[in-house]
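# Geometric and topological summary
So you can see what is in the structure, the chains are spelled out below.
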Amino acid sequence: MAVLTPDTLAGLGLAGIIERMVPGVGVSLFAHVADLRAAGAEGFVHFFVAAPVLMEDAAFFLARRTHTIVLVHGGEAACLPADFHTLDVCQSEEALVRSVLRLAESAHSRHPQAPGHAGADRALTPLTPRETEVLRLVAAGRTNKEIAARLGVGLTTIISHRKNLTEKLAIKSVSGLTIYAVMHGIIKAEEI
């Protein structure tokens, strides 16, 4: 993923959030489109781009609009060319994470054959039905104790299920598990 913004501090912050949400993803920071092109723009799948940078080379991003997320401040979205995804960066980190999850979910719902679409991936998940249910409850913000009570099992059973699902998915963080759950249709972003 590429983050394009002349605001280095904001770019580093967003890159850090993305890296925490999707462990193992590579995020590169650029101040201008020319820097991105010099680094090999075709090597990036998604572009998080500040509105002023978007205007530096609108044609470049228009050709990649389905993979471009424009970073806006409040009502700036009305000033942009149509059909771009936007992300309001003037919100709390928790709200920002939810907005990114909604963007990911929205993108997958428009492309049902894309990797990560609920219909395509639910059958491919390596988790058992019980592990999937535990994952759904973890992503919904429930504690181990709450999950055990809800499923009518012991706390050690839930701990065991969580250990198994984190090992199978190779994801240790709750935010990473939440991303996986949303991307695989186990939970909807608005349920988080």
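A brief look at the structure comes next. (Residues numbered from 1 in each chain as written. Predicted model: local features only at pLDDT ≥ 70, side-chain atom pairs only at ≥ 80, totals over all residues. Heavy atoms only, no water.)

In terms of regular secondary structure, the chain is built from 10 helices and 5 strands. Here the chain holds 192 residues, and the buried ones make up 41% of them. Within the chain, counting contacts between residues at least 6 apart in sequence, those at least 24 apart form 50% of the total. Carbon and sulfur atoms provide 58% of the accessible area of the chain, an area that totals close to 9,800 Å². (Helix = DSSP H or I, 4+ residues; strand = E, 2+ residues; numbered from the N terminus. Buried < 20%, exposed > 50% of the residue type's maximum accessible area, 1.4 Å probe, protein only. Contact = heavy atoms within 4.5 Å. Areas by Shrake-Rupley, 256 points an atom, 1.4 Å probe, with all protein chains shown as cover.)

Let's shift gears to the sheet that holds strand β5 (residues 85-88). With parallel pairing, the 5 strands of this open sheet are ordered in space as β2-β1-β3-β4-β5. Looking along the sheet, the strands with just one partner apiece sit at the ends: β2 (28-30) and β5. Ignoring strand direction, the axes of neighbouring strands in this sheet form an average angle of 25°. In terms of strand pairing, strand β1 (residues 2-4) meets β2 through 3 bridges, oriented parallel. For Ala-2, the partnering residue across the bridge sits in β2 and is Ser-28. (Pairing = 2+ DSSP bridges. Axes fitted to C-alpha atoms, helices over the stretch in contact; angles between N-to-C directions.)

This part is about the packing of aromatic side chains. Inspection of the entire model under this criterion finds 4 aromatic pairs. On the numbers, 5.6 Å between centres and 85° between planes, the contact of Phe-30 with Phe-44 is edge-to-face. Here the residue Phe-30 occupies a position in strand β2, and Phe-44 occupies one in the loop between α2 (33-39) and β3 (47-50), the gap between them amounting to 14 residues. Take Phe-30 and Phe-44: they sit in the same class, and that class is buried. Judged by centre distance (4.9 Å) and plane angle (90°), the rings of Phe-60 and Phe-61 are edge-to-face. Ring pairs connect the aromatic residues Phe-47, Phe-60 and Phe-61, which therefore count as one cluster. The positively charged end of Arg-64 is found above the aromatic ring belonging to Phe-60, 3.8 Å away from the centroid. (Phe/Tyr/Trp six-rings, centres within 6.5 Å; stacked < 30°, edge-to-face > 60°. Lys NZ or Arg CZ within 6 Å of the ring centre and 35° of its normal.)

Secondary-structure assignment places Asp-57 in the loop between α3 (51-56) and α4 (58-62). Separated by 2.6 Å, the side chains of Asp-57 and Arg-37 make a polar contact. (Polar contact = N/O pair within 3.5 Å; in protein donor to acceptor, adjacent residues only side chain to side chain.)

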